[in-house]
Amino acid sequence: MNPVSTIEVTRTYLEMREPAELQPARCDDPRIRVEQMHDCSPSFFRYLYVEVGRNYHWIDRLPWTDEEIVAHINQPEISLWLMTEDGANAGYFELRRCEDGSVEVAYFGLLPQFIGRGLGKHLLTCAVEQAWADGANRVWLHTCTLDDKAALPNYLKRGFQPYKSENYSIEL
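The structure presented is a predicted model; accordingly, all values stated were derived computationally and were not measured.

Participant: Is there a simple way to think about the nonpolar core in this case?
Facilitator: As a rule of thumb, nonpolar side chains are buried together in soluble globular proteins. In this structure, F93, Y155 and F160 are the most contacted members of the largest nonpolar core, which totals 44 residues. Setting aside residues no more than four positions away along its own chain, Y155 makes contact with L14, F108, L124, L141, T143 and F160.

Participant: Sorry if this is basic, but what is going on with the sheet that holds strand β4 (residues 88-97) here?
Facilitator: In any sheet, the strands associate via hydrogen bonds between backbone groups, in a parallel or an antiparallel arrangement. Across the sheet, 7 strands lie side by side as β2-β3-β4-β5-β6-β1-β7; this open sheet has mixed pairing. Of all strands in the sheet, those bounded by a partner on one side alone are β2 (32-37) and β7 (161-171). Across the sheet, the axes of successive neighbouring strands diverge by a mean angle of 25°, strand direction being ignored. Note: strand β5 (residues 103-110) against strand β6 (residues 139-144), 2 bridges, orientation parallel. Pairing of E104 across the sheet is with W140, part of β6. Sheet strands touched by helix α3 (residues 119-133): β1 (6-16), β2, β3 (78-85), β4, β5 and β6. Its angle to β5, the strand with the most contacts, is close to 160°.

Thresholds, definitions, all that
- Residues numbered from 1 in each chain as written.
- Predicted model: local features only at pLDDT ≥ 70, side-chain atom pairs only at ≥ 80, totals over all residues.
- Heavy atoms only, no water.
- Core = buried A, V, L, I, M, F, W, Y, C linked by side-chain atoms within 4.5 Å.
- Buried < 20%, exposed > 50% of the residue type's maximum accessible area, 1.4 Å probe, protein only.
- Contact = heavy atoms within 4.5 Å.
- Pairing = 2+ DSSP bridges.
- Helix = DSSP H or I, 4+ residues; strand = E, 2+ residues; numbered from the N terminus.
- Axes fitted to C-alpha atoms, helices over the stretch in contact; angles between N-to-C directions.

So, in structure tokens, the structure goes:
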């Protein structure tokens with residue numbers, strides 16, 4: 001058994017307060033599609049979460065039962081969106097409408113084989129545009145030093161501004 005190691009993590013919260021702050025980056029490849037998922041099965045939800053988050057220590061939803069997943073995705077404030085390339089799953093995002101009128105990009109990412117091709121810029125553009133289209137008064141998200149090294153630069157280049165950070169420790 002491997003010894004447990006503790007690492008320090010910095011979480012950064014970022015926001016957009018106006019739709020005009022978005023600096024879009026779109027992919028014009030007609031094989032790339034982003035569509036809302038309706039009636040997402042618990043197994044497919046779990047697949048996306050596990051595969052997108054595998055290298056980034058996404059663990060909070062791993063113990064969720066099928067019933068917990070169904071209850072979560074059936075909430076009216078939650079929407080799930082899937083990116084595909086020629087029908088192959090490429091990535092996803094989850095939007096969460098908050099009581100204060102903001103929309104959180106709660107989860108966002110690409111499957112490993114689609115990283116490094118500029119698709120994250122397109123997916124983030126779609127997520128932010130959808131959040132504004134859903135009537136957000138502010139769009140926000142957070143990232144941390146466990147996420148892909150391209151995550152924070154992508155958020156900043158799309159127009160997000162940091163507004164808070166916090167440090168914490170995790171055991172690996």
